[in-house]
Amino acid sequence: MKPSSSTQTLGLLESLIELERTICRLEGYRYIEPPPGASDAQIDKFERRFPAKFPPSYREVLKAHDGVPNLWGDFCLIGTVGNYNAKAWKDSRSMMEIDAEETTADLSSEAAIRAYEARGALVLDRHIVIGTDMSRGLLIFNTNTADDSGEMQLVLYRADSFPHRRFRNLDAFLSFCIDEESAELDELKVRGTAAEPA
């Protein structure tokens, strides 16, 4: 897995934020600006909620923006503090608790969990949830895929669909989102519902 550079990750994130800001403005929706970055102490405290260390790319994102309410579509990127982040974390925890209830009886051993995850499924509380759409969709770092640099595969998890879409790392996911939102912006222009962005 090719490591991400923080400069590349942050450049992709800023491009996606600008696309989301433009689309929201053109469609008449309120865009919620990302808050300033979190401190190392806030990130460290947040990280302790999870079973593994954050990938370096996610740490860098949190240092730039402590969460991104309008990341992509209905998805937000969860940060360390603040009301919006607390709501996003609560939604994510709720899904993780439901998943635990549904899988615990069937997955009573480490071997059973490994076999379950080898089929492409995830036991959510064994991974790092970094985003939610507040409607049964999550963004999850797959802790089983950490490379030597600490980067991990990012999974676009939807409770109501399988298999889940997987991306090599955060940069690959952000690139996918940029492509999706660029296509949406082009479609808005073609439909004539949007003026050219300033």
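To be clear, the structure that these remarks concern was listed above.
A brief report on the enclosed structure follows.

Rules used in this analysis
- Residues numbered from 1 in each chain as written.
- Predicted model: local features only at pLDDT ≥ 70, side-chain atom pairs only at ≥ 80, totals over all residues.
- Heavy atoms only, no water.
- Buried < 20%, exposed > 50% of the residue type's maximum accessible area, 1.4 Å probe, protein only.
- Helix = DSSP H or I, 4+ residues; strand = E, 2+ residues; numbered from the N terminus.
- Pairing = 2+ DSSP bridges.
- Axes fitted to C-alpha atoms, helices over the stretch in contact; angles between N-to-C directions.
- Parallel < 35°, antiparallel > 145°, perpendicular 65-115°, else oblique.
- Left-handed = near helix turned anticlockwise from the far one by under 90°.
- Contact = heavy atoms within 4.5 Å.
- Nonpolar A, V, L, I, M, F, W, Y, C, P; charged D, E, K, R; others polar.
- Polar contact = N/O pair within 3.5 Å; in protein donor to acceptor, adjacent residues only side chain to side chain.
- Phe/Tyr/Trp six-rings, centres within 6.5 Å; stacked < 30°, edge-to-face > 60°.

So, about the pairing of strand β1 (residues 68-72). β1 sits mainly inside the fold: five of its five residues count as buried. Sheet topology places β1 next to strand β2 (residues 75-77); two bridges connect them, and they run antiparallel. Bridging across to β2, W72 finds its partner in F75. Between the antiparallel neighbours β1 and β2 lie two residues, among them G73 with a positive phi of about 55 degrees.

With that settled, the discussion passes to the packing of helix α1 (residues 6-27) against helix α6 (residues 170-191). Between α1 and α6, whose axes approach to 9 Å, the crossing angle comes to 25 degrees. It follows from the interaxial angle that α1 and α6 lie roughly parallel. The way α1 lies across α6 gives a crossing that is left-handed. In contact with Q8, T9, L12, L13, S15, L16, L19, E20, T22, I23, L26 and E27 of α1, α6 contributes L170, D171, L174, S175, C177, I178, E181, S182, E184, L185 and L188. Of the residues assigned to the contact of α1 with α6, the class counts are twelve nonpolar, six polar and five charged.

Moving on, we get to the environment of S149. With respect to the element layout, S149 can be found in the loop between β4 (137-142) and β5 (153-158). We classify S149 as partly exposed; its relative accessible area is 31%. Counting along the chain gives ten residues from S149 to L139, while the straight-line C-alpha distance between them is 20 Å. There is a polar contact of 3.5 Å between the side chain of S149 and the backbone nitrogen of E151.

Tallying each qualifying case throughout the model produces twelve aromatic pairs. Ring geometry for F46 against W89: centres 5.9 Å apart, planes inclined by 70 degrees, an arrangement best described as edge-to-face. Here the residue F46 occupies a position in helix α2 (residues 40-47), and W89 occupies one in helix α4 (residues 83-104), the gap between them amounting to 43 residues. Side by side, F46 and W89 carry an identical accessibility label, which is buried. Taking 5.0 Å as the distance between ring centres and 45 degrees as the angle between the ring planes, the aromatic pair formed by F167 and F176 counts as tilted. A residue is classified by how much of its surface remains accessible, and F176, at 14% relative accessible area, is buried.

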